[in-house]
Each structure stands twice: as C-alpha cells, then as structure tokens.
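Examination of the molecular architecture
Listed below are the residues making up each chain.
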Amino acid sequence: AQTVTQSQPEMSVQEAETVTLSCTYDTSENNYYLFWYKQPPSRQMILVIRQEAYKQQNATENRFSVNFQKAAKSFSLKISDSQLGDTAMYFCAFMKQVAGTASKLTFGTGTRLQVTL
Amino acid sequence: DTGVSQNPRHKITKRGQNVTFRCDPISEHNRLYWYRQTLGQGPEFLTYFQNEAQLEKSRLLSDRFSAERPKGSFSTLEIQRTEQGDSAMYLCASSPPNRVVSGNTIYFGEGSWLTVV
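Below is a short write-up of the structure. Note that the structure is a prediction, hence the values are computed from the model and not measured.

What counts, and where the lines are drawn
- Residues numbered from 1 in each chain as written.
- Chains lettered and ligands numbered in written order.
- Predicted model: local features only at pLDDT ≥ 70, side-chain atom pairs only at ≥ 80, totals over all residues.
- Heavy atoms only, no water.
- Helix = DSSP H or I, 4+ residues; strand = E, 2+ residues; numbered from the N terminus.
- Rg over C-alpha atoms; globule rule 2.2 N^0.38 Å.
- Buried < 20%, exposed > 50% of the residue type's maximum accessible area, 1.4 Å probe, protein only.
- Contact = heavy atoms within 4.5 Å.
- Areas by Shrake-Rupley, 256 points an atom, 1.4 Å probe, with all protein chains shown as cover.
- Lys, Arg positive; Asp, Glu negative; His and termini not counted.
- Charge placed at Lys NZ, Arg CZ, Asp CG, Glu CD.
- Disulfide = S-S within 2.5 Å.
- Buried area = accessible area lost by both parts, 1.4 Å probe.
- Salt bridge = Lys/Arg side-chain N within 4 Å of Asp/Glu carboxyl O.
- Polar contact = N/O pair within 3.5 Å; in protein donor to acceptor, adjacent residues only side chain to side chain.
- Nonpolar A, V, L, I, M, F, W, Y, C, P; charged D, E, K, R; others polar.

1. Overview of the overall build of chain B
In terms of helices and strands, chain B carries zero helices and eleven strands. Each helix and strand of chain B, ordered N terminal to C terminal, gives the series β-β-β-β-β-β-β-β-β-β-β. Rg of the C-alpha trace for chain B: 14 Å, near the compact-globule value of 13 Å for 117 residues, within the 12% margin. Principal axes of the C-alpha set define a box for chain B whose edges measure 45 × 25 × 20 Å. Residues classed as buried in chain B amount to 49% of the 117 residues present. Pairs at least 24 residues apart make up 54% of the contacts formed inside chain B by residues separated by at least 6 positions. Counting every atom, chain B has about 5800 Å² of accessible surface; 44% of that belongs to carbon and sulfur. Positive and negative side-chain charges in chain B, numbering 14 and 12 respectively, have mean positions lying 4 Å apart.

Here's what the structure looks like:
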C-alpha cells in the first residue's frame, strides 16, 4: 500500500514571496504519478501540477514548480510570487500506474496555506 | 466543456434514513471515482468505475454503501440506514480515456455535503 505524508499542517507566506510545501511518499512501485491539488475555501479540488515518475525533469506550471527526488521519495511544491488567490488547502497525491491507465489517488492530509498582505 | 457535476450539494438527513447522491462526469470520461472527505483530512478512496464496471471498492465502503454506473455515464452513491459517522463530503471525480494526453489526470466535482443528525 502507498502512503503520502505532508508534515506541515499549516503554512503562511506574504504576498509576492516564495513558499515550499513538503510531501514524502512511500511505495514499492516504480511506475507512478504524483500530483498536487489545491482546494480553496469553495471546496472544489483543482489540479495544480503533475509529475510522471519516469521523468527526471521537474514539472513546472507558471508560478508552480516541483522538486521531485525519486530516490528520496520526496515531492515538494514551490509557489513563486504568491498571490492571495493561492490561499487554500494543498494536497499531495500518489497514483500507481496500472497497465498504463489511471488508477485511484492516495492523498496526504494536506497543508493549509495562508497568503497574507 | 462542463466539469464534474454533483447533486445535491448539501443534504441533511436523520439517522437511519437513506440518501442518494448523483454524479455526472465530464463528457466522454470513461472512469469515475467516489471519495469521502471529512474535515481536516484528505479525500479517501471509496470506489471506482471504468465505464459501467465497478473495478475496485475500498474497505471503507461498508454494506450500507452501494454505487452504480448503469450506462457508463452518470453514477449514484446510495447510503442506507445512515449513521452520524457518515457525515462527510462525498466527492466524485472522473478521468478521460488513456489515449488522451491527460488520461492519467483526475478531475473533481464540488462535492456533496452530508450531515446526519
């Protein structure tokens, strides 16, 4: 079974600053995907960024980037130039690759990020 | 393109009553998922369909829970003889076929809040 650990229950960052959210995971699988999802106060889960485990290059999406360390089983999210709209719960999630198709997500417990003025 | 739609958004029911939630996935998404989320926790996997076939069920899905996806389009999640411990948000999600570039990305609905009193 896979487990995902987010050790930072809450974080705060000032607007325009950079913040890094931590995530570690445990798996015996070699082929998998990792995701960061954002859940704003309105509660809909939104995909922020995804990483394929077979890719060495770290994924980036505008102000969001990851630091994927496969050997260490670490997958942190960096948010640059933080904006008030980034305030949300952030969930790290793991997906085992099954015959090249999507399977279920296993989530961490989340990090609540507050962006302040 | 509309997102994953869930109804009702909120439901308050008395203990012992049955409730049913409906999920309409994104058009042409062949996979559909149900998750449960309690306050301060990450979503927990309940069950998963590929087209009309229910491929996996979590141990969290007790005998009182049943999910269907009769024609491979919308899905229903029924909870019989509700208990206070069933109070949670029930999230539906869907993902496209594997042939699509984003085939391993799961898209979530806004969730259905259940309160059992």
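2. Some details on the state of the cysteines
Residue and element names in this part refer to chain B. All chains considered together, the criterion is met by two disulfides over all chains. What pairs with Cys23 in a disulfide is Cys92, and their sulfur atoms sit 1.8 Å apart. Taking the torsion about the sulfur-sulfur bond, which here is approximately -70°, the covalent link between Cys23 and Cys92 counts as left-handed. With Cys23 in strand E3 (residues 19-24) and Cys92 in strand E9 (residues 88-95), this residue pair connects regions lying 69 residues apart in the sequence. The exposure class assigned to Cys23 is buried, which follows from its relative accessible area of 0%.

3. Topic: the interface of chain B and chain A
Each partner contributes to the interface: chain B provides 26 residues, whereas chain A provides 20 residues. Across the chain B/chain A interface, buried area totals approximately 1900 Å², and carbon plus sulfur atoms make up 49% of it. Across the pair Lys104(A) and Glu56(B) runs a salt bridge whose closest N-O atoms are separated by 2.8 Å. Here chain B is connected to chain A by six residue pairs in polar contact (both at pLDDT 80 or more). Those elements that provide at least two residues to the side of chain B that touches chain A are strand E4 (31-37), strand E5 (44-50) and E9 of chain B. In terms of residue count, the dominant contributor to the side of chain B that touches chain A is E4(B) (four residues). Split by residue class, the side of chain B that touches chain A holds eleven nonpolar, twelve polar and three charged.

The values are spatial; any link to function lies outside them.
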